[in-house]
Structure formats: structure tokens, C-alpha cells
Amino acid sequence: MKYQNDNFYIITGGPGVGKTTILKQLEKMGYLTVSEDARKIIQEQVQNHGNGLPWKDKELYTHLMINASVYSFKAISNDKRNIVFFDRGIVDAFCYAEMIDLVISPDMKDITETYRYNHKVFILPPWPEIYETDDERKQTWEEAVATYDAMKNTYSIYGYQTIDVPLETVENRVKFILDKIVNPL
């Protein structure tokens, strides 16, 4: 069964580009948002002394991300009316898999064809003035830039159109995203 949810929008990009801040603003405005699965997985794995971490077992971490992303999608897949914004999507996990040279099996590829978001994906470019690391975000600036490039490429490969969100205030970024949904031209 294919799940095509044109009301599901992804906000993605490399680490530390303002995704969570934008999603918090959208939530304040009354939009339904789905938080990032990767950060939750890292926190759970650290708390449980697990190995599914990007700095330990990258393959396990990737599979945990894919499963969590599918679960997040399916949990609200019956909502066909409300606009829903995701802090990253299923394809982000596949981008990570490709970045660590994990072979994408046919079953894994089927996941990206089964669970489809709106074809417009909002991608946030690297922004050195706001980038910082923390306990879960350990990537260097160079890795953040490489992730952005890989995300653009991977989303394109899987049939999505990436739209760069300008480096502006949170309010202007949110307005830009909403304008692209309501007024697509």
C-alpha cells in the first residue's frame, strides 16, 4: 500500500541550520509538527548505553532512524487535511545511509516509494553564524556543509523538489515556507 500525503511537508538540512526553531514557530502558529527522530534516538541510546549511535554503530543507528521515521509518518498518515511539518523525513535516513556507504537494499528502497510526502521539501542551507555543536550534534562545520549537499542530491534522486529557505529571521523563513505552500509560484 502506498501512502501519499501531499499535506506532509519536510523541513530538512544539515545539522545546526535552524530546523527546530522554525518548527517551534510553526507549532506556535497552530500547525502540527513532528520532531526529529535522530535526536530522540541518540538520547535514548545514550541513556540506555546502547550502540545505535552515529559514533558507535552507524548501521544500527541508520536502521533505528528509518524505523522511527516510518513510525512517525504512519502515526499520523490518516490526517489528509491538516498541513503537517516534519523535522526531517524518511529520506534523511537514506541520505545518512548513503553518506556512510551503507548498501540500500530493495526492501529499504521500497520504503521511500511507499511513504511519500509532498514533493516540495524545504531545505535549510548551512549558516555559520548560527551553527554550534552539542551533546547530540558532534559534526564539524565541514560535515554540516557536506550533509546539506548530500541532502539536496538524495531528495532529488528520490523524486522530491528541494526549495532553499533563505538565511533570514525565523519569522521571514516561516513566511517564505508558508508562501511556497499557498502560492507555489
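S.K.: Give a detailed account of the pattern of salt bridges, specifying residues and quantitative values.
M.R.: Here the structure, examined in full by the defined rule, presents 6 salt bridges. Ionic contacts of the salt-bridge type, sharing partners, join the residues Glu 36, Arg 88 and Asp 92 into one network.

S.K.: Describe the sheet that holds strand β4 (residues 84-87), naming the residues involved and giving the relevant values.
M.R.: The strand order β3-β4-β2-β6-β7 describes an open sheet built from 5 strands, whose pairing is parallel. If you trace the sheet from one side to the other, it starts and ends with β3 (32-34) and β7 (161-164), each paired once. Across the sheet, the mean angle from the axis of one strand to that of its neighbour is 30°, orientation sign disregarded. Note that β3 and β4 share 3 bridges and pair parallel. In the strand pairing of β4, Leu 32 is matched with Val 84.

S.K.: Which residues make up the side chain of Asn 118, and what values do they have?
M.R.: Relative to the elements of secondary structure, Asn 118 occurs in the loop between β5 (115-116) and β6 (120-124). Residue classification places Asn 118 among the buried positions, given a relative accessible area of 7%. Side chain to side chain, Asn 118 and Tyr 9 meet in a polar contact 3.2 Å long. Apart from the residues lying within four places of it in its own chain, the contact partners of Asn 118 are Asn 5, Asp 6, Phe 8, Tyr 9 and Tyr 160.

S.K.: Go over the packing of aromatic side chains with me, naming the residues and quoting the values.
M.R.: Under the counting rule described, the total for this entry stands at 14 aromatic pairs. Summarising the aromatic geometry, the rings of Tyr 9 and Phe 85 are spaced 6.0 Å apart at their centres and angled 35° between planes, so their arrangement reads as tilted. Remark: Phe 85 occurs in strand β4 and Tyr 9 occurs in strand β2 (residues 8-13); sequence separation between them is 76 residues. Residue class for Phe 85 comes out buried when judged on its relative accessible area of 0%. Pairing Tyr 61 with Tyr 96 gives two aromatic rings, centres 5.3 Å apart and planes at 85°, and the pair type is edge-to-face. Of this pair, Tyr 61 sits in helix α3 (residues 58-75) while Tyr 96 is found in helix α4 (residues 90-99), placing the two residues 35 residues apart along the sequence. A relative accessible area of 17% places Tyr 96 in the buried class.

Rules and cut-offs
- Residues numbered from 1 in each chain as written.
- Predicted model: local features only at pLDDT ≥ 70, side-chain atom pairs only at ≥ 80, totals over all residues.
- Heavy atoms only, no water.
- Salt bridge = Lys/Arg side-chain N within 4 Å of Asp/Glu carboxyl O.
- Pairing = 2+ DSSP bridges.
- Helix = DSSP H or I, 4+ residues; strand = E, 2+ residues; numbered from the N terminus.
- Axes fitted to C-alpha atoms, helices over the stretch in contact; angles between N-to-C directions.
- Buried < 20%, exposed > 50% of the residue type's maximum accessible area, 1.4 Å probe, protein only.
- Polar contact = N/O pair within 3.5 Å; in protein donor to acceptor, adjacent residues only side chain to side chain.
- Contact = heavy atoms within 4.5 Å.
- Phe/Tyr/Trp six-rings, centres within 6.5 Å; stacked < 30°, edge-to-face > 60°.

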